[in-house]
Amino acid sequence: MGRQSGALMAFPKRIVPRGVRRKPCEEQRQSLRTLTDEGLLISHRMSSHSCGHIPSALGVILRTTDKIVWANEFEPIELTCLIESISTNNPRIEWKKIKDGIPSYVYFQNKIAGDLENRAQLREPANILIFNTTRSDTAEYRCEVAAINDQRDFDEILISLAVRVKPVVPRCSVPEAVTVGTSTELRCLENEGFPAPQYRWFHNNEELPQDPKNSPRFVNFSYSINPDTGSLKFRRVRKEDAGEYYCQAKNDAGHAQCPTQVMEVYDVDILGIALKCLGGVSVVIILVAFLCSIRRMCLQFKGHNENHYNWPTQNNGVEYGDPDEGHFRHKSSFII
């Protein structure tokens, strides 16, 4: 066996309730297993003189070092299920994963199963080691030990595992240009990290304090930051607010930040004026083009009528009258 330098754990003498007959000494003489101070599980035989103090009457008892366990995604984690006392040589050990109230086996019939298959192993005495945790491993895990030769032949312990997830690059929204004295808002959002990240904003590579009044350097700034939603609001923009901005999302698993974006601040709304002027010029151009097209159509119509009009001609001195007269007349006499 390995080192056994630790002292054996002492078990209190069991008090037998009145009316309950103690089992004969020879029936209790069996192999016992006890934990040393170093956590090693050893076996030994009890002698006949210590028969009256055999701790097997206490039955199987489990404990864990942590009932709530945190782990970072893709890192190993061990869930501890320590056997404080037991007399059965080959107890039945099972692990169940409980997700949304539904249990499923992850260790059953001496092998890893279910969600942890090929990703975990059982370590003595009954711990389970997960090689690379994922966010889907967040759940409750129950260690169960059944010892048929113990008076108390069953015990279980529940462990809660939460897997931290590092934030991904957040989506940032920074206006390109704003006018002095107006209000504006910068936004930052990330929805992969667990626990939900906190947000921080940086201006020209310097972190903006959450409350500018608490910092002498930013006491004249008129902004507010919501670290839970990632919102940065300016009540009245100043020329000094122009520059480069980026946002950082951070939790216990790590952090990520969006690319730098530039916000320009103008004394007047140059951009708006330019757009209005451009819009006015466009309207004028469209109106002139429309009038030109109308004029062209009129000219084409007039030319078409002139080209297709036939003037009447005189024939041998005969002048044809108006069709409404119903006859013709001659203006000069002729001789037959």
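Preceding this section is the structure that the text describes.
Residues numbered from 1 in each chain as written. Predicted model: local features only at pLDDT ≥ 70, side-chain atom pairs only at ≥ 80, totals over all residues. Heavy atoms only, no water.

(A) Inspection of the overall build of the protein at higher detail. A tally of helices and strands in the protein yields two helices and 23 strands. A buried classification covers 35% of the 336 residues belonging to the protein. When contacts within the protein are restricted to residue pairs at least 6 apart in sequence, long-range pairs at least 24 apart make up 60% of them. Accessible surface, the protein: about 22,400 Å² in total, of which carbon and sulfur atoms supply 54%. (Helix = DSSP H or I, 4+ residues; strand = E, 2+ residues; numbered from the N terminus. Buried < 20%, exposed > 50% of the residue type's maximum accessible area, 1.4 Å probe, protein only. Contact = heavy atoms within 4.5 Å. Areas by Shrake-Rupley, 256 points an atom, 1.4 Å probe, with all protein chains shown as cover.)

(B) Region of interest: the pairing of strand E23 (residues 261–266). Across three bridges, strand E15 (residues 177–179) lies against E23 in parallel orientation. Directly across from Ala177, in E23, lies its bridge partner Glu264. Where strand E21 (residues 243–251) meets E23, three bridges bridge the pair, whose relative direction is antiparallel. Within E23, the residue paired with Gly243 across the bridge is Met263. (Pairing = 2+ DSSP bridges.)

(C) Region of the structure containing the pattern of salt bridges. Across all of its chains, the model carries 16 salt bridges by this definition. Note that Lys96 and Glu144 form a salt bridge whose closest N and O atoms lie 2.7 Å from each other. Within this pair, whereas Lys96 is found in strand E7 (residues 92–99), its partner Glu144 is found in strand E12 (residues 139–146), the two being separated by 48 residues in sequence. In this pair, the class of Lys96 matches that of Glu144, namely buried. Close ionic contact of Glu185 with Arg187 constitutes a salt bridge, the shortest N to O distance being 3.4 Å. Connected through shared salt-bridge partners, Arg92, Glu94, Lys96, Arg142, Glu144 and Glu156 make up one network. (Salt bridge = Lys/Arg side-chain N within 4 Å of Asp/Glu carboxyl O.)

(D) Highlighting the sheet that holds strand E14 (residues 171–173). Across the sheet, four strands lie side by side as E14-E16-E20-E19; this open sheet has antiparallel pairing. The sheet is open, and its two edges are formed by E14 and strand E19 (223–226), each paired on a single side. Taking the axes of each pair of neighbouring strands and ignoring which way they run, one obtains an average angle of 10° across the sheet. As judged from the three bridges shared by strand E16 (residues 184–189) and strand E20 (residues 231–234), these two strands associate in the antiparallel manner. Opposite Glu185, over in E20, you have Lys233 as the bridge partner. (Axes fitted to C-alpha atoms, helices over the stretch in contact; angles between N-to-C directions.)

(E) Quick look at the pairing of strand E10 (residues 120–123). Relative to strand E11 (residues 127–130), E10 runs antiparallel, the two sharing four bridges. Paired with Arg123 across the two strands is Asn127, which belongs to E11.

(F) Just the sheet that holds E10, in detail. Pairing is antiparallel across the open sheet formed by three strands, whose spatial order is E5-E11-E10. Whereas interior strands pair on both sides, the edge strands pair on one side only; in this sheet they are strand E5 (77–79) and E10. Averaged over all pairs of adjacent strands, the angle between their axes in this sheet comes to 25°, without regard to strand direction.

(G) Main features of unusual backbone geometry. The omega torsion of the bond from Glu124 to Pro125 falls at 0°, within 30 degrees of zero and hence cis. Turning to its location among the elements, Pro125 is positioned in the loop between E10 and E11. Here the residue pair Phe194 and Pro195 is connected by a cis peptide bond, since its omega of -5° sits within 30 degrees of zero. Relative to the helices and strands, Pro195 resides in the loop between E16 and strand E17 (198–203). The residue Phe74 is not glycine, and still its phi comes out positive at about 75°. Its location among the elements puts Phe74 in the loop between strand E4 (68–72) and E5. Given the relative accessible area of 58%, Phe74 is considered exposed. Residues other than glycine seldom take positive phi values, yet Asp100 does so here, at roughly 55°.

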